[in-house]
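Observations on the model geometry
Okay, here's what each chain looks like letter by letter:
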Amino acid sequence: MDVTREDVLRCATLAHLSLREEEIEPMRLAMARMLTHAASLDDLPLDDVEPMFQALAHPLPRREDEPRDTFTQAQALANAPEQDRGHFVVPKVL
């Protein structure tokens, strides 16, 4: 599959990546290989393959949901690097 330099730069912009000039051509080749491989999957003979609804034939065993002792608020905050009025203090994300 043909991938242009502009395709690479557009994907880099969408992914918030800054590529150096020497990184663009190797990235273009890698993207072309991945897309060619993905396109080759269309050629697989899947007419007789039934759709799969779940990966495992049997559900995984689950443990019983039983109440048990938990941490107190003081124990949970004991190793917190910073706390304020009974809560963890974390850096702002936005």
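Residues numbered from 1 in each chain as written. Predicted model: local features only at pLDDT ≥ 70, side-chain atom pairs only at ≥ 80, totals over all residues. Heavy atoms only, no water.

Here the focus is the nonpolar core. The biggest cluster of nonpolar side chains holds 5 residues, and these are Val3, Val8, Ile24, Met31 and Ala32. No other element matches helix α2 (residues 21-40), which puts 3 residues into this core. With sequence-adjacent residues up to four places away left out, valine 3 is seen in contact with Val8, Arg28, Met31, Ala32 and Leu35. (Core = buried A, V, L, I, M, F, W, Y, C linked by side-chain atoms within 4.5 Å. Buried < 20%, exposed > 50% of the residue type's maximum accessible area, 1.4 Å probe, protein only. Helix = DSSP H or I, 4+ residues; strand = E, 2+ residues; numbered from the N terminus. Contact = heavy atoms within 4.5 Å.)

What follows covers unusual backbone geometry. Positive phi values are uncommon outside glycine, yet histidine 16 reaches one of about 55°. Relative to the helices and strands, histidine 16 resides in the loop between α1 (5-14) and α2. The residue arginine 85 is not glycine, and still its phi comes out positive at about 50°. One can find arginine 85 in the loop between β1 (83-84) and β2 (87-88).

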